[in-house]
Amino acid sequence: MKYAVVIEKTPQSYSAYVPDLPGCVATGETQEEVTQNIHEAIAFHLEGMREDDIPIPEPQASTVSIEV
């Protein structure tokens, strides 16, 4: 499955979250680091859901970039 991930730049670092997986978040000092961290966070989040017999949501969120 492929989940949409939102990465935001903060004054000191980067943060990321997955709209389809509430509570699945990560931070990192660089965009590369936050990307790796959110990848690991998604895997951990899904593992916990499986262990708790919580249905895994199908990816529904999508992203587009709009030039203005």
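Rules used throughout
Residues numbered from 1 in each chain as written. Predicted model: local features only at pLDDT ≥ 70, side-chain atom pairs only at ≥ 80, totals over all residues. Heavy atoms only, no water. Helix = DSSP H or I, 4+ residues; strand = E, 2+ residues; numbered from the N terminus. Buried < 20%, exposed > 50% of the residue type's maximum accessible area, 1.4 Å probe, protein only. Contact = heavy atoms within 4.5 Å. Pairing = 2+ DSSP bridges. Axes fitted to C-alpha atoms, helices over the stretch in contact; angles between N-to-C directions. Lys, Arg positive; Asp, Glu negative; His and termini not counted. Salt bridge = Lys/Arg side-chain N within 4 Å of Asp/Glu carboxyl O. Polar contact = N/O pair within 3.5 Å; in protein donor to acceptor, adjacent residues only side chain to side chain. Expected span 1.5 Å × (residues − 1). Arc of directions from axis to C-beta.

A. Seen up close, the overall build of the chain. When its secondary structure is counted, the chain shows one helix and three strands. If you line up the chain on its principal axes, its C-alpha atoms span 40 × 25 × 15 Å. Every one of the 68 residues in the chain was classed for burial, and the buried ones make up 26%. Sequence separation of 24 or more characterises 33% of the internal contacts of the chain that already satisfy a separation of 6 or more.

B. Broad picture of the sheet that holds strand 3 (residues 25-28). With antiparallel pairing, three strands are arranged side by side in an open sheet as 1-2-3. Of all strands in the sheet, those bounded by a partner on one side alone are strand 1 (6-9) and strand 3. In this sheet, adjacent strand axes meet at a mean angle of 20° when their direction is disregarded. By the bridge criterion, four bridges tie strand 1 to strand 2 (residues 14-17) in an arrangement that is antiparallel.

C. Summary view of the side chain of aspartate 20. Inspection of the secondary structure puts aspartate 20 in the loop between strand 2 and strand 3. Although aspartate 20 is buried, it makes no salt bridge; lysine 2 carries the closest opposite charge, 13 Å away. For aspartate 20, the side chain forms a polar contact with the main-chain nitrogen of glutamine 60, separated by 2.8 Å. Within the structure, aspartate 20 has its side chain in polar contact with the backbone nitrogen of alanine 61 (distance 2.9 Å). In this structure, aspartate 20 is in contact with Tyr3, Pro57, Glu58, Pro59, Gln60 and Ala61, ignoring residues within four places of it in sequence.

D. Main features of the pairing of strand 3. Of the two faces of strand 3, the one lined by Ala26 and Gly28 is fully buried and the one lined by Val25 and Thr27 carries no buried residue. In this sheet, strand 3 lies alongside strand 2 in antiparallel orientation, the contact comprising four bridges. Among the inter-strand pairings, tyrosine 14 is bridged to a residue of strand 3, identified as glycine 28.

E. Molecular detail of helix 1 (residues 31-51). Its 21 residues give helix 1 an end-to-end C-alpha distance of 30 Å, which sits within 8% of 30 Å, the value for a rise of 1.5 Å per residue. Of all the positions in helix 1, only Val34, Ile38, Ala41, Ile42, Leu46 and Met49 are classed as buried. Projected down its long axis, helix 1 carries its buried residues within an arc of 130°, all on one side. In helix 1, the exposed residues that point more than 90 degrees away from the buried face are Glu32, His39, Phe44, Arg50 and Glu51. Where helix 1 is buried, its residues contact strand 1, strand 2 and strand 3. Following helix 1 by one or two positions, aspartate 53 adopts a phi angle in the positive range, close to 55°.

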